Amino acid sequence: EIILEALDLEYHYPDGTNALRKINLRVKRGEKVAILGSNGAGKSTLFMHFNGIYQPCSGSVRYRGQKISYKNKDLIELRKKVGIVFQDPDSQLFSASVYQDVSFGPINLGLLEETVVSRVNQSLAATETMDLEDKPTHLLSYGQKKRVSIAGVLAMEPEIIIFDEPTAGMDPRHSQEFMQLLEKLSKKGITIILSTHDVDLAYSWADRIAIMYKGEVIADGEPGELFIRP
Ligand code: ADP
Ligand code: ADP
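A brief structural summary. These numbers come from a predicted model, not from an experiment.

The rules we used
- Residues numbered from 1 in each chain as written.
- Chains lettered and ligands numbered in written order.
- Predicted model: local features only at pLDDT ≥ 70, side-chain atom pairs only at ≥ 80, totals over all residues.
- Heavy atoms only, no water.
- Buried < 20%, exposed > 50% of the residue type's maximum accessible area, 1.4 Å probe, protein only.
- Helix = DSSP H or I, 4+ residues; strand = E, 2+ residues; numbered from the N terminus.
- Pairing = 2+ DSSP bridges.
- Near = heavy atom within 4 Å.
- Polar contact = N/O pair within 3.5 Å; in protein donor to acceptor, adjacent residues only side chain to side chain.
- Areas by Shrake-Rupley, 256 points an atom, 1.4 Å probe, with all protein chains shown as cover.
- Nonpolar A, V, L, I, M, F, W, Y, C, P; charged D, E, K, R; others polar.
- Expected span 1.5 Å × (residues − 1).
- Contact = heavy atoms within 4.5 Å.
- Axes fitted to C-alpha atoms, helices over the stretch in contact; angles between N-to-C directions.

**Details of the pairing of strand S8 (residues 191–196)**
Then, number 1: When you tally the buried positions in S8, you get six out of six residues, the bulk of the element.
Then, number 2: By the alternation rule, side chains of S8 split into Thr 191, Ile 193 and Ser 195 and Ile 192, Leu 194 and Thr 196, which are all buried.
Then, number 3: As judged from the five bridges shared by strand S3 (residues 32–36) and S8, these two strands associate in the parallel manner. For Val 33, the partnering residue across the bridge sits in S8 and is Ile 193.
Then, number 4: As paired strands, strand S7 (residues 160–163) and S8 are joined by four bridges and run parallel to one another. In the strand pairing of S8, Ile 160 is matched with Thr 191.

Shown next as structure tokens:
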């Protein structure tokens, strides 16, 4: 079952930069997809289309076979289903304390208070940030911010989580811990898409790898099918 797809998706920035050229990509429910590509390949721009932050210049994005509608109320629904963890956690954390930050999304959904509390607690536990709940977000270390920004997305209980270069700058130990978290999310049935420069990581983790180069998907397949020139 295809959960998310880009069809002949094209996007150029207002300054004329051609960031995406006829992108075709299909993601199945429960799949683990790695998007490999160097800086500037278009990975982040593509991700911004997957939850409707950007609107294609031509082509379309479909969620469960339905073309995304860019009406406000439909976008709110889409963003419950498709969560993005941005590369820079500072762009994602804006509340005073960790607890406030992680509870912001669920409160906005209008959930019962006990549901909010239980979602926040589960998300903090999953990211091992329980002990930080009263801490001001601006006092956290980079790694802590990263984990809290993930907790904020988990608390929305999305079907799909997109991670923009999640392991960039991580040492091997943190990177491994992060991959273990991904494995747990995947076992729960969450569809995961991540971008990375790390060929080994993509090979060992992904069900499917798409390689982007200068705004195009130049290869797409199971790790075993793809030949990657180092
Ligand atoms: P990646 O995530 O693979 O590093 P991006 O999606 O960030 O790639 O960038 C794709 C292309 O779009 C690059 O050429 C980049 O310079 C350009 N780009 C990204 N953001 C902007 C922007 N706000 N305005 C103009 N060009 C941009
Ligand atoms: P923790 O407190 O969770 O151990 P750290 O702050 O020590 O987290 O960092 C976690 C990971 O993030 C480490 O792998 C580290 O290399 C990386 N990291 C720390 N600061 C930065 C930064 N400014 N930019 C990119 N990566 C960073």
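After presenting the structure, the write-up continues.
**So, the site of ligand 1**
Then, number 1: As a matter of local geometry, ligand 1 sits amid Tyr 13, Asp 15, Thr 17, Ala 19, Ser 38, Asn 39, Gly 40, Ala 41, Gly 42, Lys 43, Ser 44 and Thr 45.
Then, number 2: Here Tyr 13 contributes a side-chain N or O atom positioned 3.4 Å from a nitrogen atom of ligand 1.
Then, number 3: Measuring from an oxygen atom of ligand 1, one finds a side-chain N or O atom of Lys 43 at 2.8 Å.
Then, number 4: Summarising the interface, the protein chains cover 63% of the accessible area of ligand 1, which totals 560 Å² for the free molecule.
Then, number 5: Broken down by element, the residue count for the shell around ligand 1 peaks at three residues, all from helix H1 (residues 43–50).

**Brief notes about the site of ligand 2**
Then, number 1: The local shell around ligand 2 consists of Ser 141, Tyr 142, Gly 143, Gln 144, Arg 147, Gly 169, Met 170, Asp 171 and His 174.
Then, number 2: Taking Ser 141, its side chain carries an N or O atom lying 2.9 Å from an oxygen atom of ligand 2.
Then, number 3: A distance of 2.8 Å separates an oxygen atom of ligand 2 from a polar atom in the backbone of Gly 169.
Then, number 4: The fraction of the free accessible surface of ligand 2 (560 Å²) that becomes covered by protein chains is 59%.
Then, number 5: Looking at which element gives the most residues to the shell around ligand 2, the answer is helix H5 (residues 142–154), with four residues.
Then, number 6: A breakdown of the residues in the shell around ligand 2 according to their chemical character gives two nonpolar, five polar and two charged.

**Quick look at H5**
Then, number 1: A rise of 1.5 Å per residue sets the reference length of H5, with its 13 residues, at 18 Å; its end C-alpha atoms lie 19 Å apart and thus fit the reference within 8%.
Then, number 2: The element H5 is largely enclosed, with a buried count of 10 among its 13 residues.
Then, number 3: Within H5, the full set of buried residues consists of Gln 144, Lys 145, Lys 146, Val 148, Ser 149, Ile 150, Ala 151, Gly 152, Val 153 and Leu 154.
Then, number 4: Among the structural elements, strand S6 (82–85), helix H3 (98–108), helix H4 (113–126), S7 and helix H6 (172–187) are those in contact with the buried residues of H5.

**Section: the sheet that holds strand S4 (residues 58–63)**
Then, number 1: Strand order across the open sheet formed by four strands is S2-S1-S4-S5, with antiparallel pairing between neighbours. Sheet topology places strand S2 (18–28) and strand S5 (66–67) at the edges, where each strand pairs with a single neighbour.
Then, number 2: When S4 meets S5, the two strands line up antiparallel, connected through two bridges. From the neighbouring strand, Tyr 63 faces S5, where its bridge partner is Gln 66.

**Focus on the sheet that holds strand S9 (residues 208–213)**
Then, number 1: Across the sheet, which stays open at both edges, the six strands sit in the order S6-S7-S8-S3-S9-S10 with mixed pairing between neighbours. Only two strands of the sheet have a single partner each, and these edge strands are S6 and strand S10 (216–221). Going across the sheet, the axis of each strand differs from the next one's by a mean of 15°, ignoring polarity.
Then, number 2: Where S6 and S7 come together, four bridges link them in parallel fashion. If you follow Ile 84 over to S7, its bridge partner there is Ile 162.
Then, number 3: Sheet strands touched by H1: S3, S6, S7, S8 and S9. Its angle to S8, the strand with the most contacts, is close to 155°.
Then, number 4: Its contacts with the sheet place helix H2 (residues 72–81) against S6 and S7, and it is angled at close to 65° to S6.

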